[in-house]
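Below are the chains, spelled out letter by letter.
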Amino acid sequence: MTSNSLRPITENPDLGITMPDGTRLSARTWIPDNATDAPVPAILEFLPYRKRDGTTARDCLTHPYFAKRGYACIRVDMRGNGDSEGLMADEYSAQELDDAVETIKWLATQPWCNGNVGMMGISWGGFNALQVAALQPDALKAIITLCSTVDRYADDIHYKGGCLLNENLGWSGTMWSYSSRAPDPALRPDDWREIWLDRLKNEPFLAATWLDHQRRDAYWQHGSVCEDYTAIKAATLAVGGWGDAYKNAPPALIENLDAPAKAIIGPWVHKYPHFAIPEPRIGFLQEALRWWDHWLKGIDTGVENDPLYRPYLMDSVTPKSWYTERAGTWLAINEKPSDLARETWHLGDHALQDTAESFEATINSPQTCGAHSGEYCAIWLGPELPDDQRSDDALSVVFKSEPLNAQRDIVGAPQITLTLSSDTPQGQIAVRLLDIQPNGASARITYGVLNLSHRISHATPSPMTPERAEEVTLDLDHIAYRLPKGHRLGIAISTAYWPLIWPSPVASTLTLTQGSLSLPLRPSDDTDEWTFEAPEADTPWQVETIREGSNSRKTITDWTTGIVTLEIVDDFGKVKDGDHGLINGSVAREWWSIHPDDPLSAHGRTHWTDELEREGITLRTEATSEMTSDATHFHLKARLEAFENDELIFEKDVQRSTLRDNL
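Since the model is a prediction, treat every value here as computed from it, not as a measurement. (Residues numbered from 1 in each chain as written. Predicted model: local features only at pLDDT ≥ 70, side-chain atom pairs only at ≥ 80, totals over all residues. Heavy atoms only, no water.)

Participant: Can you help me understand the overall build of the protein chain in this one?
Facilitator: Broken down by element type, the protein chain carries ten helices and 30 strands. The C-alpha radius of gyration of the protein chain comes to 25 Å, within 12% of the 26 Å expected for a compact globule of 663 residues. Counting all 663 residues of the protein chain, 63% fall into the buried class. In the structure as shown, the protein chain presents an accessible area of about 23,500 Å², 47% of it carried by carbon and sulfur atoms. (Helix = DSSP H or I, 4+ residues; strand = E, 2+ residues; numbered from the N terminus. Rg over C-alpha atoms; globule rule 2.2 N^0.38 Å. Buried < 20%, exposed > 50% of the residue type's maximum accessible area, 1.4 Å probe, protein only. Areas by Shrake-Rupley, 256 points an atom, 1.4 Å probe, with all protein chains shown as cover.)

This is the structure in structure tokens:
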């Protein structure tokens, strides 16, 4: 559609959608002006992240673009968040999904909608798009899910490989802050304070809930679409980024869905691909429009003939904690990931080699191993990516190949099988696949972690029998990476990976005696490359900057106590909306401390400050949380404070201890 044929649209900042129980959800909408005379499909994005001041920047780039091309775009604040009424008890609750289904039903009956609905979202919105699709509302014909997961237990921010991710506390602290913010007083002039206080009183501290479910039980099965892929009937476009935590869902969806499905994975962190970093960005909105036009309007746009899988094959580069651009090549692959060829390597005496042999290697890593892992989920655009791994390699046992005599294009999920014994019942391993460069630099290609008590089952963990050798297998995260000729392939194995995962209660020593690596490969040829259009977007959000943002990541060693602390400060700045004048700002802080010799010294702490300002009203929340553990329990503390015009009007403390369950 040319710019001359773009349709005029009308934006509504607060369209009310009433749920069956009377709760009013607030939606920001962009609808073509003549849609009542010529109804259009609707595209829903359903989030807790505040349409008025949270996702505004990306909403402005995205939703008007679709609306001007013949779609009604609906960005809804979930129950208990932003400008909507009600309370939110947990992520992906039955209530949340029921509300989304009711919203879809409501959209399909509006005079400006032709009865066809699509659902789109990144992260939370990508999760619930999949989960709602599995509920099969009649009007939902297609979804676009970005940076999402099919398995809420093993591939989210909670229990990767059965290990407790520190992001479990970190993201709980984020939601402790996000969901406790007030509605915009301009939209709810009569009852914003009442709604805010009700939220504050009822705001759940989610880390406590998540720690009540340390096994993969019914709590995690709910919302995990891998439980029944056949339930999803909507056409599914799955998008991810190699710099993001959620890179495994797109391959899983094209592997397992019966519904029409395609996958795209770029070099990006946790952002939409038309403005993501590292570049190259792609014409994501054009790709999405082709998807919507076909499945919601019945136009033959050729999407059914697109390659099944379009991953970005990243070139080997100097490892850094941040990139603005990442060299590589887009691939067009029509095989399922499981059908790609594999190459087997064997672990030997500190070597990766062609032949299998027995060896003996012991490892007991200092608790600070993992300092160069980067963030679990790179999202805030600071120095969050894994940098040179040599310091962590020195604290691990490393197996290296000879310099390669030909390049390898690694496409898929590497798998490693190890025969090992532990001197303790509880233990964990982290396995990193490395690109060891000719100058000695060590780049992490991909990785995996495993709680050894979960080696057989996440639902029914069983401790190791000390000193008894067992075979364990773990899949590393999916990746597409070109390992050049002359570089070495490496495997690094450690018994700690802080601050990514919480340590076991006792520092274990592992003895390795056999091992093999199954490496997925794409044939190195030029017949399956792809080109995307350049990115397009609508008019950026217009703001007045009051305070510039900044990102800081520092490692601090206390030479008296030996405690090592990672300090992260993400100042998101402070801006005034150029349209409606709401001022908002926030600062997120995290501290992760541990002693190299003591897993029980682990300490995590978060602190979010959030500000909202409007004529004569200044609101602020201070949300803090922290976690420690002893040999038998996890200990959580959290505090929430709310200020109106610098006066403390609300305070709440939460304190919980939870028994460690094979963790």
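Participant: Is there a simple way to explain the pairing of strand E8 (residues 261-266) in this structure?
Facilitator: Residues in a regular strand project their side chains so that they alternate between the two faces of the sheet. Most of E8 sits out of view: six of its six residues are buried. Neither face of E8 is left uncovered, since the one carrying Ala261, Ala263 and Ile265 and the one carrying Lys262, Ile264 and Gly266 both have all their residues buried. In terms of strand pairing, strand E7 (residues 235-241) meets E8 through six bridges, oriented parallel. When the sheet's bridge partners are listed, alanine 238 is paired in E8 with alanine 263. Looking at chain direction, E8 and strand E9 (residues 309-314) are connected through three bridges and run parallel. When the bridges of E9 are listed, isoleucine 265 appears paired with proline 311. (Pairing = 2+ DSSP bridges.)

Participant: Hey, could you run me through the packing of aromatic side chains in this one?
Facilitator: A ring pair, where both rings are aromatic, is described by two values, the distance of the centres and the angle of the planes. Inspection of the entire model under this criterion finds 29 aromatic pairs. Pairing tyrosine 272 with phenylalanine 275 gives two aromatic rings, centres 6.2 Å apart and planes at 45°, and the pair type is tilted. The class for phenylalanine 275 is partly exposed, based on a relative accessible area of 23%. Considering the side-chain rings of tryptophan 330 and phenylalanine 532, the 4.7 Å spacing of their centres and the 75° angle between planes classify their relative orientation as edge-to-face. With tryptophan 330 in strand E10 (residues 328-330) and phenylalanine 532 in the loop between strand E22 (510-521) and strand E23 (543-547), this pair connects stretches of sequence that are 202 residues apart. For the pair formed by tryptophan 330 and phenylalanine 532, the shared burial category is buried. Positioned over the ring face of tyrosine 219 is arginine 152, at 5.4 Å from the centre of the ring. The residue whose ring lies beneath arginine 181 is tyrosine 178, and the NZ or CZ to ring-centre distance is 4.0 Å. (Phe/Tyr/Trp six-rings, centres within 6.5 Å; stacked < 30°, edge-to-face > 60°. Lys NZ or Arg CZ within 6 Å of the ring centre and 35° of its normal.)

Participant: It is not clear to me how the sheet that holds strand E17 (residues 428-436) should be interpreted in this structure. Could you clarify?
Facilitator: Sheet strands line up and pair through hydrogen bonds in the backbone, either parallel or antiparallel. Across the sheet, four strands lie side by side as E14-E21-E17-E18; this open sheet has antiparallel pairing. Looking along the sheet, the strands with just one partner apiece sit at the ends: strand E14 (397-400) and strand E18 (442-451). Taking the axes of each pair of neighbouring strands and ignoring which way they run, one obtains an average angle of 20° across the sheet. Strand direction decides the pairing type here: E14 and strand E21 (residues 488-494), joined by four bridges, are antiparallel. When the sheet's bridge partners are listed, phenylalanine 399 is paired in E21 with isoleucine 491. (Axes fitted to C-alpha atoms, helices over the stretch in contact; angles between N-to-C directions.)

Participant: What is the right way to read the packing of helix H1 (residues 56-67) against helix H9 (residues 284-297) from this model?
Facilitator: The geometry of a pair of packed helices is captured by two quantities: the angle between their axes and the separation between those axes. Running from N to C, H1 and H9 point in directions that differ by 40°, and their axes come no closer than 11 Å. Of the possible angle classes, the one that applies to H1 and H9 is oblique. Considering the relative orientation of H1 and H9, their crossing is right-handed. Of the residues in H9, those in contact with Leu61, Thr62, Tyr65 and Phe66 of H1 are Leu285, Gln286, Ala288, Leu289 and Trp292. Here the contact of H1 with H9 is composed, by residue class, of seven nonpolar, two polar and no charged. (Parallel < 35°, antiparallel > 145°, perpendicular 65-115°, else oblique. Left-handed = near helix turned anticlockwise from the far one by under 90°. Contact = heavy atoms within 4.5 Å. Nonpolar A, V, L, I, M, F, W, Y, C, P; charged D, E, K, R; others polar.)

Participant: How should I be thinking about the pattern of salt bridges in this particular structure?
Facilitator: It is possible for side chains of opposite charge to pair when their charged atoms get near one another. Evaluated as defined, the whole model comprises 49 salt bridges. For arginine 152, the salt bridge identified is with glutamate 91, shortest N-O distance 3.6 Å. Placement of arginine 152 in the loop between strand E6 (140-146) and helix H4 (167-178) and of glutamate 91 in the loop between strand E4 (72-77) and helix H2 (94-108) is noted, with a sequence separation of 61 residues between them. Its relative accessible area of 1% is what places arginine 152 among the buried residues. The closest approach of N and O atoms between lysine 574 and glutamate 613, which form a salt bridge, is 2.6 Å. Of the two residues, lysine 574 is situated in strand E25 (residues 564-577) and glutamate 613 in strand E27 (residues 598-614); the sequence distance between them amounts to 39 residues. The same class applies to lysine 574 as to glutamate 613, namely buried. (Salt bridge = Lys/Arg side-chain N within 4 Å of Asp/Glu carboxyl O.)

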